[in-house]
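Reading the structure
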Amino acid sequence: MKHFLESSEQCPLSKSIIDLANAIDGESFYFILQLLKWINKNIKYPQPANIEKNDIFRKRTATQIIEDGYATGCSDYAIVFIAIARAKHIPTKYVEVISKDYFEDTDLNRVRGHVFAECFIDKEWFGIDPMAGVIKFNTKYPGYVVYAKGLDSWDLGIFDIDSMRVKFKEFANQYKSKHIS
């Protein structure tokens, strides 16, 4: 549990992140609702037209994403959410999932997945979709296979689109050998 309160390289508990968490009203579920509203208001998607997504995909910290004010997708939303939730002393996991249809595709370079967060509130884990602004009252992800849970994307060894493709392909080959005949 304590592990998911830790600062990480991509989700640092910097003074600016802590100050932001303290500026958002509430505790527990109310704080999570307010945080989701703050993210929806302050982090825009998609990135500006003059920014090539793959040049920055999975390469920024929560602080950089907040300063830039835009996301390249679900992973950026999750990184910001996780850093701020942890700064408010809410244990929070980074959850990387892969779409089930990815395992049936012949071109594994076309990565399809999503990133969720899981928060421990009132002695239970709850799934959060920071990009959609949704709280799930469970940690089940229909239509997806959980690739891994950790502190952040970098903790899982995913630093950019290329490392993501490599990790997902390796996982897909193992998954197919066990689950798909």
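For the structure itself, consult the block above.
My aim in this report is to walk through the structure given alongside it, one point at a time. (Residues numbered from 1 in each chain as written. Predicted model: local features only at pLDDT ≥ 70, side-chain atom pairs only at ≥ 80, totals over all residues. Heavy atoms only, no water.)

So, about unusual backbone geometry. Cis peptide bonds are those with omega within 30 degrees of zero, and the linkage from Tyr 45 to Pro 46 qualifies with 0 degrees. Tracing the backbone shows Pro 46 in the loop between α2 (28-42) and α3 (53-56). Even without a glycine there, the phi angle at Arg 58 is positive, about 65 degrees. Within the secondary structure layout, Arg 58 lies in the loop between α3 and α4 (62-68). The exposure class of Arg 58 is buried, given its relative accessible area of 2%. (Helix = DSSP H or I, 4+ residues; strand = E, 2+ residues; numbered from the N terminus. Buried < 20%, exposed > 50% of the residue type's maximum accessible area, 1.4 Å probe, protein only.)

Before going further, it helps to examine the nonpolar core. Counting residues in each nonpolar core, the largest one holds 50 residues, and the members touching the most others are Ile 32, Leu 35, Phe 81, Ile 84, Phe 103 and Ile 128. Here this core gets eleven residues from one element, more than from any other, and that element is helix α5 (residues 74-87). (Core = buried A, V, L, I, M, F, W, Y, C linked by side-chain atoms within 4.5 Å.)

Applying the stated criterion to the full structure yields 14 aromatic pairs. For the ring pair Tyr 147 and Phe 168, a centre distance of 5.5 Å and an interplane angle of 45 degrees mean the geometry is tilted. On the criterion of sequence distance, the pair formed by Tyr 147 in strand β5 (residues 144-150) and Phe 168 in helix α6 (residues 161-179) is long-range, its members being 21 residues apart. Accessibility assignment for this pair places Tyr 147 and Phe 168 in one class, buried. Here the aromatic rings of Phe 171 and Tyr 175 are separated by 6.2 Å at their centres, their planes lie at 20 degrees, and the arrangement is stacked. Of this pair, Phe 171 and Tyr 175 both sit in helix α6, separated by four residues, roughly a single helical turn. There is no split in this pair, since Phe 171 and Tyr 175 are both buried. Ring pairs connect the aromatic residues Tyr 102, Phe 103, Tyr 147, Phe 168, Phe 171 and Tyr 175, which therefore count as one cluster. Across the ring face of Trp 125, the terminal group of Lys 93 is positioned such that the distance to the ring centre comes to 4.1 Å. (Phe/Tyr/Trp six-rings, centres within 6.5 Å; stacked < 30°, edge-to-face > 60°. Lys NZ or Arg CZ within 6 Å of the ring centre and 35° of its normal.)

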